[in-house]
Amino acid sequence: MSSELQLSKDLQDFIKTWKDKPGNLIMILHRVQQEYKYVPREVALYLSKELNVPLAKIYGVVTFYHFFKLKKPGRHNIQVCIGTACYLKGGGDLLLELENLLGVGVGGVTGDGLFSIEGVRCVGCCGLAPVAVIDGEVFGKLKKDKLPEIIAKFKDK
Amino acid sequence: MAKATVADLQKIAQEQSGVKSAYQKVVLVCGGTGCESSKSDLIYQNLRQGAQDAGLTNVQVIKTGCFGFCEKGPIVKVQPDESFYVEVKPEDAAEIVAEHLVKGQEVARLLYDKNKKPGTKADDIDFYKKQVRVVLRNCGIIDPENIHEYIARDGYQALAKVLFELTPEQVIEELKKSGLRGRGGAGFPTWRKWDFSKAAPGAQKYIVCNADEGDPGAYMDRSTLEGDPHSVLEAMTIAGRTIGANRGFIYIRAEYPLAIHRLEIAIKQSRELGLLGKGILGSNFDFDIELRLGAGAFVCGEETALLASIEGSRGMPKPRPPFPAVKGLWGQPTVINNVETYANIAAIILKGGEWFAGMGTATSKGTKVFALTGKVKNSGLIEVPMGTTLREIIFDIGGGISSGKKFKAAQSGGPSGGVIAEEFLDTPIDYENLAKIGSIMGSGGLIVMDEDDCMVDVAKFYLEFTVDESCGKCSPCRIGGKQILGLLEKITKGQGALEDIEKIKKIGKAMQRASLCALGGTAANPVISTLKYFEQEYLEHINAKKCRAGKCKDLLAFSIIAEKCKGCGLCLRKCPAGAISGEKLKPHVIAEKKCIKCGACLASCKFGAIVRK
Ligand SMILES: Cc1cc2nc3c(=O)[nH]c(=O)nc-3n(C[C@H](O)[C@H](O)[C@H](O)COP(=O)(O)O)c2cc1C
Ligand code: SF4
Ligand code: SF4
Ligand code: FES
Ligand code: FES
């Protein structure tokens, strides 16, 4: 991200509407992450000033909640479910295979910036275990040998 | 539309029934998350387009919430014919239109029951036969994005009754009669919570809905909100009226985008009709609801942590008392209930507490929704009367074990619960019985395990989860959890010692006693209960360095029986680690040092020459 910070109009408006509501920080961080896919430091600094909360509190919140990211994920973030139902049905193996295929571990981003891998705990499709979610698209009853095909599909997107 | 009155509600309901009966056939397409992930939206589009192209003005196609039978999704149901189509593909839409909707011939190959006789109902199939739907009464029946459909099924009638016919005391009395207890896990009587908050002094009281659903492997609340969001909005408004609160919050996981979307639509439609906002239904009662998103912290499901999170802080639990009912959100009296608890309320108000109390056991009334998953054939969302046995759930509804292997255990209550061993399959499920056998009701996750699942590994899995999710505020949870996990890791690696079992029990007890919140207080449950019923498996890991389920990789060894090996070379090609060598037509060997214990060779050999120890 460039050094001079230019927030989109939508994001600015969102911050404006929430600015004076008690308990706004988490909702605003969600909106920030929706825009940037993570919480950039410049934005955190901006929020600190704009909302008049210490930067330490913002980082306290960001680091407490697993959902918020401090590092930019890949263009396509692959979430592999390791909730109980998926774990029992081989979610862990999917994760390993994916790490092998992409050559990065959980939390890492591939060199070309295209993919990142994340382990998540239940996306609420346990009936279809094991499950992975890529850019919001759910892949249920997923088998290891399907992964290369899926990766190829997203590579071109 | 202008603000509605009670008479308007009736009018909408009548009009809506009129709209419905004008259609000869209604096609219900599952729009739950499970089915959406298998393209049910495209099926829906194709069916609509197909019906339109065929000029079928007397057919309605709508998208509903989850039918429960997610395993067999995507589901399409055609009424009034009671045709229950499963595993439908987008390209099947044309055939359904041409054969069924135009010619009136069911498409047999897509029916769940291929030999369906005329006159049988979808509810007659084994998966549904023993189910009773109170919470899920509208799921798979109405279009959750159309408030009129909810109103046509007595929606908001309970609220009207509470506003114009009942006093708050009478509402609480009805809840007391019903025996409804909290469905979020602890089973606290709902009427008492409401009564405390009502009595507590406070200028601004709040109603909160806990939709954080942190149990990994459970999705009851998600499906309820996706399939019938108004049932929760209506109940929260009733709660507001009863205790004198006019603001409500729904705290929902950010991981549930579809549920959030449906709630947003529902709230908007309710406001438009004046079912939320000022002077609801022409009364002098104001109430409104806002959403707050969770951010992936399990501990935020705990009520005091959840309230801290709504306030915008780190979600750390606080000591109770004071309880939220007295001192909750921003220090004000707050009723906080689970999604499923709320989803029962309107039905209780309309049908009466006695009706509700007519279902269930002596101490646990009504029904319970379970997310039945794991090694079971019919995985999905089910609702059964309290007191149903695990055997009925797993074998009658669930169709038995999917792998054809033997049942080993079921797990209820997620990371706070325990395993239920085979000897308890016939125990009627209720809060007390589950506690007695070392598990808990929990929120409704029910995970079935078979012989391929290692009980030590399962315990380790849950401990990894709770260690990861511990907020770190109190030391019994922060340190104790790590210690138990370390011991379990030792055992699964074959480095365990007998005294480790005693150590685990001791630390577990300390965590139970001294943790600040129930996350730490119950974190040892999975290990304590597996120890109780499957101690033998622990001992095998420790003494014989053996994992009978074959899950603990460090304890496995693969080898080739020379006499049986034909030297076909298949395993050699399959091994991803290059650990197998051998000449063609001669017995092959596995180099133990290189072996990564993936089991690919075992699966590939057609001659049964490879064994796992
Ligand atoms: C660690 C932890 C996690 C919890 N997670 C949830 C949850 O995801 N959903 C829920 O409704 N209750 C959860 N609870 C229970 C809540 O604290 C609270 O008891 C419940 O929301 C009360 O509603 P009820 O009386 O309707 O059950 C959790 C409790 C603990 C200790
Ligand atoms: S278990 Fe896997 S790594 Fe080991 S020999 Fe067999 S195929 Fe190779
Ligand atoms: S697959 Fe079986 S028979 Fe063939 S070489 Fe391997 S062990 Fe021998
Ligand atoms: S455990 Fe994976 S979706 Fe629920
Ligand atoms: S999501 Fe369609 S049946 Fe559950």
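- By the naming in an unreviewed UniProt entry, chain B is Fe-hydrogenase HydB, taken from Candidatus Termititenax persephonae.
- Note on chain B: under the UniProt heading Sequence similarities (unreviewed entry), the record states "Belongs to the complex I 51 kDa subunit family."

- An unreviewed UniProt entry annotates chain A as Fe-hydrogenase HydC of Candidatus Termititenax persephonae.
- What UniProt states about chain A under its Sequence similarities (unreviewed entry) heading is, verbatim, "Belongs to the complex I 24 kDa subunit family."

1. Things to note about the overall build of chain A
Here is step 1: A tally of regular secondary structure across chain A gives seven helices and four strands.
Here is step 2: In terms of overall dimensions, chain A has a C-alpha envelope of 50 × 30 × 25 Å along the principal axes.
Here is step 3: For chain A, the proportion of its 157 residues judged to be buried stands at 52%.
Here is step 4: Within chain A, the 17 negative side-chain charges are centred at a point lying 4 Å from the centre of the 22 positive side-chain charges.

2. Things to note about the site of ligand 3
Here is step 1: Taken together, 13 residues sit near ligand 3, with Cys-565, Cys-568, Gly-569, Cys-571 and Cys-605 of chain B positioned nearest.
Here is step 2: Taken together, the residues of the shell around ligand 3 break down into nine nonpolar, three polar and one charged.

3. Here we look at the site of ligand 1
Residue and element names in this part refer to chain B.
Here is step 1: Close to ligand 1 lie 18 residues, the nearest being Gly-184, Lys-193, Asn-337, Asn-338 and Thr-341.
Here is step 2: With respect to ligand 1, the backbone of Gly-184 contributes an N or O atom lying 2.7 Å from an oxygen atom.
Here is step 3: Within the side chain of Thr-341, one N or O atom sits 2.7 Å away from an oxygen atom of ligand 1.
Here is step 4: Expressed as a share of its isolated accessible area of 610 Å², the protein-covered part of ligand 1 is 91%.
Here is step 5: Mapped by element, the contributors of at least two residues to the shell around ligand 1 are strand E8 (334-338) and helix H21 (518-522).
Here is step 6: Sorting elements by how many residues they give to the shell around ligand 1 places E8 first, with three residues.
Here is step 7: Counted by class, the shell around ligand 1 contains four nonpolar, eight polar and six charged residues.

4. Let's talk about the interface of chain B and chain A
Often, the extent of an interface is quoted as the loss of accessible area on bringing the components together.
Here is step 1: Across the contact, 52 residues belong to chain B and 35 residues belong to chain A.
Here is step 2: By the criterion of area lost to chain A, the three top residues of chain B are Ala-295, Arg-314 and Phe-461 of chain B, representing 17% of everything that side buries.
Here is step 3: Across the chain B-chain A interface, the total number found is three salt bridges.
Here is step 4: Note that Glu-71 of chain B and Lys-141 of chain A form a salt bridge whose closest N and O atoms lie 3.6 Å from each other.

5. Digging into the packing of helix H2 (residues 25-36) of chain A against helix H4 (residues 55-64) of chain A
All names here are of chain A.
Here is step 1: With their axes 11 Å apart at the nearest point, H2 and H4 run at an angle of 70 degrees to one another. Judged by the angle between their axes, H2 and H4 are roughly perpendicular. Between H2 and H4, the residues in contact are Leu-25, Ile-26 and Leu-29 and Lys-57, Ile-58, Val-61 and Val-62, respectively.
Here is step 2: Here the contact of H2 with H4 is built from residues that sort into six nonpolar, no polar and one charged.

6. Focus on the sheet that holds strand E11 (residues 407-412) of chain B
Residues and elements named next belong to chain B.
Here is step 1: Strand order in the open sheet formed by five strands is E10-E9-E13-E11-E12, with mixed pairing between adjacent strands. Sheet topology places strand E10 (380-385) and strand E12 (418-421) at the edges, where each strand pairs with a single neighbour. The average undirected angle you get between the axes of adjacent strands in this sheet is 30 degrees.
Here is step 2: Pairing of strand E9 (residues 367-374) with strand E13 (residues 445-450), which is carried by four bridges, proceeds in the parallel orientation. Bridge pairing in E13 links Leu-372 to Leu-446.

7. Remarks on the nonpolar core
Here is step 1: Of all hydrophobic cores here, the largest spans 107 residues; its most connected members are Tyr-65 of chain A together with Trp-194, Ile-250, Ile-252 and Tyr-342 of chain B.
Here is step 2: In this structure Ile-252 of chain B touches Ala-211, Leu-225, Ala-259, Ile-260, Leu-263, Arg-292, Leu-293 and Gly-294 of chain B, once residues within four positions along its chain are discounted.
Here is step 3: In this structure, Ile-382, Leu-390, Ala-409 and Ala-421 of chain B belong to the second largest nonpolar core, which totals 49 residues.

8. Considering helix H18 (residues 455-469) of chain B
Since the α-helix packs 3.6 residues into each turn, any two residues three or four apart lie on the same face.
Here is step 1: With 15 residues, H18 of chain B extends 21 Å from end C-alpha to end C-alpha; this agrees with the ideal 21 Å at 1.5 Å per step.
Here is step 2: With twelve of 15 residues buried, H18 of chain B is to be regarded as a mostly interior element.

9. Notes on the pattern of salt bridges
Here is step 1: For the structure on display, the rule yields 46 salt bridges over all chains.
Here is step 2: Of the charged contacts, one joins Asp-13 of chain A and Lys-9 of chain A as a salt bridge, the two residues approaching to 2.9 Å between their closest N and O atoms. Residue Asp-13 of chain A and its partner Lys-9 of chain A are both found in helix H1 (residues 9-18); the two are separated by four residues, about one turn of the helix.
Here is step 3: By relative accessible area, Asp-13 of chain A is classed as partly exposed at 30%.
Here is step 4: Lys-63 of chain B serves as the salt-bridge partner of Glu-36 of chain B, at 3.0 Å between the closest nitrogen and oxygen.

10. Section: the domain arrangement of chain B
Here is step 1: Here chain B is partitioned into domain 1 (19-121), domain 2 (154-356), domain 3 (367-450), domain 4 (455-544) and domain 5 (557-612).
Here is step 2: Relative placement of domain 3 of chain B and domain 5 of chain B: their C-alpha centres are 39 Å apart.

11. Topic: the domain arrangement of chain A
Here is step 1: What the domain assignment reports for chain A is domain 1 (3-64) and domain 2 (76-155).
Here is step 2: Domain 1 of chain A and domain 2 of chain A are separated by 29 Å when their C-alpha centres are compared.

12. Quick look at the sheet that holds strand E4 (residues 83-85) of chain B
Residues and elements named next belong to chain B.
Here is step 1: Across the sheet, four strands lie side by side as E2-E1-E3-E4; this open sheet has mixed pairing. Each edge of the open sheet is held by one strand with a lone partner, namely strand E2 (59-64) and E4. When strand polarity is set aside, the average angle formed by the axes of neighbouring strands in this sheet is 15 degrees.
Here is step 2: Here strand E1 (residues 25-30) runs beside E2; their pairing, made up of six bridges, is parallel. Looking at E2, one finds that Val-27 is bridged to Val-61.

13. A closer look at the UniProt feature "binding site: [2Fe-2S] cluster" (unreviewed entry) in chain A
Residues and elements named next belong to chain A.
Here is step 1: In the UniProt entry, the feature "binding site: [2Fe-2S] cluster" (unreviewed entry) is given for Cys-81, Cys-86, Cys-122 and Cys-126. These annotated residues cover 46 residues of sequence, and their C-alpha atoms all fall within 9.2 Å of one another, placing them together at a single site.
Here is step 2: Mapped onto the secondary structure, Cys-122 falls in the loop between strand E2 (115-120) and strand E3 (132-134).
Here is step 3: Relative accessible area serves as the criterion here: at 2%, Cys-122 is assigned to the buried category.

14. Remarks on a nonpolar patch on the surface
Here is step 1: A surface patch of nonpolar side chains, amounting to about 270 Å² of accessible area, comprises Phe-188, Phe-196 and Val-326 of chain B.
Here is step 2: If you trace the backbone, Val-326 of chain B turns up in the loop between helix H13 (303-310) and E8.

15. Quick word on the pairing of E8 of chain B
Here is step 1: For E8 of chain B, the buried fraction is high: five of the five residues fall into the buried class.
Here is step 2: Both faces of E8 of chain B are covered, namely the face carrying Thr-334, Ile-336 and Asn-338 of chain B and the face carrying Val-335 and Asn-337 of chain B.

16. Observations regarding the side chain of Glu-82 of chain B
Residues and elements named next belong to chain B.
Here is step 1: Assignment of secondary structure puts Glu-82 in the loop between strand E3 (76-79) and E4.
Here is step 2: The charged side chain of Glu-82 is buried without a salt bridge, its nearest counter-charge being Lys-77 at 4.4 Å.
Here is step 3: Side-chain polar atoms of Glu-82 contact the backbone nitrogen of Ala-122, separated by 2.7 Å.
Here is step 4: For Glu-82, the residues in contact, after removing those within four places along its chain, are Lys-77, Lys-116, Thr-120, Lys-121, Ala-122 and Asp-123.

What counts, and where the lines are drawn
Residues numbered from 1 in each chain as written. Chains lettered and ligands numbered in written order. Predicted model: local features only at pLDDT ≥ 70, side-chain atom pairs only at ≥ 80, totals over all residues. Heavy atoms only, no water. UniProt positions renumbered as here; feature names shortened; annotations may be inferred. Helix = DSSP H or I, 4+ residues; strand = E, 2+ residues; numbered from the N terminus. Buried < 20%, exposed > 50% of the residue type's maximum accessible area, 1.4 Å probe, protein only. Lys, Arg positive; Asp, Glu negative; His and termini not counted. Charge placed at Lys NZ, Arg CZ, Asp CG, Glu CD. Near = heavy atom within 4 Å. Nonpolar A, V, L, I, M, F, W, Y, C, P; charged D, E, K, R; others polar. Polar contact = N/O pair within 3.5 Å; in protein donor to acceptor, adjacent residues only side chain to side chain. Areas by Shrake-Rupley, 256 points an atom, 1.4 Å probe, with all protein chains shown as cover. Contact = heavy atoms within 4.5 Å. Buried area = accessible area lost by both parts, 1.4 Å probe. Salt bridge = Lys/Arg side-chain N within 4 Å of Asp/Glu carboxyl O. Axes fitted to C-alpha atoms, helices over the stretch in contact; angles between N-to-C directions. Parallel < 35°, antiparallel > 145°, perpendicular 65-115°, else oblique. Pairing = 2+ DSSP bridges. Core = buried A, V, L, I, M, F, W, Y, C linked by side-chain atoms within 4.5 Å. Expected span 1.5 Å × (residues − 1). Domains from an automatic or database assignment. Patch = residues over 30% accessible without salt bridge, like charges linked within 9 Å, V, L, I, M, F, W, Y side chains within 5 Å.

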